[in-house]
Amino acid sequence: MTKRALITGITGQDGSYLAELLLNKGYKVYGLRRRTSTPIMENIEHIKNEIEFIEGDLMDQGSLSHAVNVSQPDEVYNLAAQSFVGTSWDQPSLTGQLTGIGVTNMLEAVRLNKPDAKFYQASSSEMFGKVVETPQKETTPFYPRSPYGVAKVYGHWITVNYRESYNMFACSGILFNHESPRRGVEFVTRKVTDAVAKIKLGLQTELRMGNLDAKRDWGFAGDYVKAMWLMLQQDKPDDFVISTGETHTVQELVEIAFSYVGLNWQDYVVIDPKFVRPAEVDLLLGDCSKAKEKLGWKREVGFEQMIRMMVDHDLERLQKQAQAELV
Ligand code: NDP
Ligand code: GDR
């Protein structure tokens, strides 16, 4: 029988890769999409005709119940969130409502309408924040450093709580940073690759950055959505760290991206206090031994390879845009 999946956050980076993966596996895919004045379809343009969209919002309980009722999903992937850490200081209450309480809204929609559906919650390495041990694993205590991180800790524990209270098949994937050409342009990897492409093509002269010393464990989004799916194929629900086990500074990222197009980053990068955060997460490094052992998951794409892929994509996109403007 055809399996049915409901994805919240389908228009985002992860939602688009996950939808592709599930469609390739023969799933019927339903996507919860919020109303926007202009539809945001860039990431899913190529598969939009294969997805059944349901309008709803993570902060509107009725619409979530409706979405679960209509889709009758075997699997629910809760990826929707206010996902940008920087914005979480500007909009802390909204981030708490959406990224935190929104998880309860979705869990309730599942509990009341399709309690046997398997549930995936998009938890985050930002929960480790000011890390108390390195590398970080499933048992590492949380110490979030932003309103976003705090909201994700709530989302994580409410997922565990629904598993323990109602015996629901609810999993929390503690994913470290993962990137791709579909990454939003305000996140640091894409901000850098977009700027490098623009500078190379003469469309931009400098790149304004925040803290170059922060270290992150960066993987490729296409690899990470496979882990989400694998978690829901197990006999028992559980929580897993997904990471590469490598950490790099933001400066290394910048160096790799500029040198790939033959430029020296020091000629273009300017430090701007505007991009320095009120509280920083200095170092993230994940230990995903449990996922390797129990899920048989491993990443395929390396850090440099991914940065080069993103620079290539941004160069190609901008060149196509320029050609289209000439016509
Ligand atoms: P994106 O920011 O790319 O996507 C977020 C999605 O949430 C978009 O589809 C957005 O829709 C949707 N959304 C926002 N607000 C609402 C709302 N009120 N109701 C319904 N949908 C809404 O995030 P990613 O794909 O990168 O991440 C997916 C999830 O994984 C997020 O929860 C994120 O916090 C978490 N995460 C991400 C990591 C990463 O490195 N990428 C690492 C760990 C966790 P719209 O297009 O309309 O804005
Ligand atoms: P992060 O990702 O906060 O780790 O959250 P982001 O790419 O925004 O920042 C990574 C690090 O880079 C430093 N940095 C800058 N960041 C941005 N955005 N812009 C800059 O100019 C800049 N200069 C330096 C930041 O200070 C930070 O240390 C991402 C999101 O996808 C979350 O949703 C997810 O949960 C976590 O990854 C895991």
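Residues numbered from 1 in each chain as written. Chains lettered and ligands numbered in written order. Predicted model: local features only at pLDDT ≥ 70, side-chain atom pairs only at ≥ 80, totals over all residues. Heavy atoms only, no water.

## Examining the nonpolar core
Phase 1 of the analysis: One finds Y77 and I242 to be the most contacted residues of the largest nonpolar core, which totals 74 residues.
Phase 2 of the analysis: Broken down by element, this core gets its largest block of residues, eight residues, from helix α7 (residues 221-231).
Phase 3 of the analysis: There are two domains that each give this core at least three residues, and those are domain 1 (4-179 + 218-242) and domain 2 (188-216 + 246-283 + 301-326).
Phase 4 of the analysis: Aside from chain neighbours lying at most four places away, what touches I242 is I174, L175, F176, Y224, A227, M231, C288, A291, L295 and W297.
Phase 5 of the analysis: Counting residues in each nonpolar core, the second largest holds 22 residues, with V76, A80, A109 and M168 among its members. (Core = buried A, V, L, I, M, F, W, Y, C linked by side-chain atoms within 4.5 Å. Buried < 20%, exposed > 50% of the residue type's maximum accessible area, 1.4 Å probe, protein only. Helix = DSSP H or I, 4+ residues; strand = E, 2+ residues; numbered from the N terminus. Domains from an automatic or database assignment. Contact = heavy atoms within 4.5 Å.)

## Remarks on the site of ligand 2
Phase 1 of the analysis: Close to ligand 2 lie 22 residues; S83, S124, Y148, R277 and E280 are nearest.
Phase 2 of the analysis: Within the backbone of E186, an N or O atom sits 2.9 Å from a nitrogen atom of ligand 2.
Phase 3 of the analysis: Bound to the protein, ligand 2 loses 96% of the 710 Å² it would expose on its own.
Phase 4 of the analysis: Each of two domains, domain 1 (4-179 + 218-242) and domain 2 (188-216 + 246-283 + 301-326), supplies a minimum of three residues to the shell around ligand 2. (Near = heavy atom within 4 Å. Polar contact = N/O pair within 3.5 Å; in protein donor to acceptor, adjacent residues only side chain to side chain. Areas by Shrake-Rupley, 256 points an atom, 1.4 Å probe, with all protein chains shown as cover.)

## Things to note about the pattern of salt bridges
Phase 1 of the analysis: Under the criterion given, the structure shown has 22 salt bridges.
Phase 2 of the analysis: Here K3 makes a salt bridge to E75, at a shortest N to O gap of 3.3 Å. You can see K3 sitting in the segment before β1 (4-8) and its partner E75 sitting in strand β4 (residues 75-78), a full 72 residues away along the chain.
Phase 3 of the analysis: Since its relative accessible area comes to 1%, E75 is described here as buried.
Phase 4 of the analysis: Ionic pairing is found between K198 and D194, a salt bridge with its closest N-O pair at 2.9 Å. Remark: D194 and K198 occur in helix α6 (residues 188-200); sequence separation between them is four residues, near one turn of the helix.
Phase 5 of the analysis: D194 gets classed as buried once you look at its relative accessible area, which sits at 7%. (Salt bridge = Lys/Arg side-chain N within 4 Å of Asp/Glu carboxyl O.)

## Comments concerning the domain arrangement of the chain
Phase 1 of the analysis: Each assigned domain of the chain is listed with its residue range as follows: domain 1 (4-179 + 218-242) and domain 2 (188-216 + 246-283 + 301-326).
Phase 2 of the analysis: Computed over C-alpha atoms, the centres of domain 1 and domain 2 are 27 Å apart.
Phase 3 of the analysis: When the area that domain 1 buries against domain 2 is broken down by residue, the three leading residues are W89, R145 and W218, summing to 47%.
Phase 4 of the analysis: Our enumeration of links across domain 1 and domain 2 arrives at one salt bridge.
Phase 5 of the analysis: Along the contact surface separating domain 1 from domain 2 lie three residue pairs in polar contact (both at pLDDT 80 or more).
Phase 6 of the analysis: At the level of elements, α3 (85-90) and β10 (219-220) are the ones that each hand at least two residues to the side of domain 1 that touches domain 2.
Phase 7 of the analysis: Here the element with the most residues in the side of domain 1 that touches domain 2 is α3; it accounts for three residues.
Phase 8 of the analysis: Here the residues of the side of domain 1 that touches domain 2 are counted per class, giving six nonpolar, six polar and four charged. (Buried area = accessible area lost by both parts, 1.4 Å probe. Nonpolar A, V, L, I, M, F, W, Y, C, P; charged D, E, K, R; others polar.)

## Focus: the sheet that holds β1
Phase 1 of the analysis: If you trace the seven strands from one edge of the open sheet to the other, you get β3-β2-β1-β4-β5-β6-β11, paired in parallel fashion. The outermost strands of the open sheet, each flanked by one partner alone, are β3 (51-55) and β11 (239-242). Strand-to-strand twist across the sheet, computed as the mean angle between neighbouring axes with direction ignored, equals 20°.
Phase 2 of the analysis: By the bridge criterion, five bridges tie β1 to strand β2 (residues 28-33) in an arrangement that is parallel. (Pairing = 2+ DSSP bridges. Axes fitted to C-alpha atoms, helices over the stretch in contact; angles between N-to-C directions.)

## Details of the packing of aromatic side chains
Phase 1 of the analysis: The tally for this structure, following the rule as stated, stands at ten aromatic pairs.
Phase 2 of the analysis: Ring centres of F84 and F187 lie 5.2 Å apart, and the angle between their planes is 85°; on these two criteria the pair is classed as edge-to-face. Of this pair, F84 sits in the loop between β4 and α3 while F187 is found in the loop between β7 (178-179) and α6, placing the two residues 103 residues apart along the sequence. An identical accessibility class is assigned to F84 and F187; each is buried.
Phase 3 of the analysis: Pairwise contacts between aromatic rings join F128, F142, W157 and F176 into one cluster.
Phase 4 of the analysis: Taking NZ or CZ as reference, R33 lies 4.2 Å from the ring centre of F53, over its face. (Phe/Tyr/Trp six-rings, centres within 6.5 Å; stacked < 30°, edge-to-face > 60°. Lys NZ or Arg CZ within 6 Å of the ring centre and 35° of its normal.)

## Considerations on helix α10 (residues 303-326)
Phase 1 of the analysis: The end-to-end C-alpha distance of α10, which contains 24 residues, comes to 35 Å, matching closely the 34 Å that a straight helix rising 1.5 Å per residue would cover.
Phase 2 of the analysis: Buried residues of α10: F303, M306, I307, M310, V311, D314, L315 and L318, and no others. (Expected span 1.5 Å × (residues − 1).)

## Digging into helix α4 (residues 92-113)
Phase 1 of the analysis: If you check α4, its first and last C-alpha atoms are 30 Å apart, about what 22 residues at 1.5 Å a residue would give, namely 32 Å.
Phase 2 of the analysis: Approximately 40° is the largest bend angle found in α4, and it occurs at I101. (Bend = angle between axes of the 7 residues up to and from the residue.)

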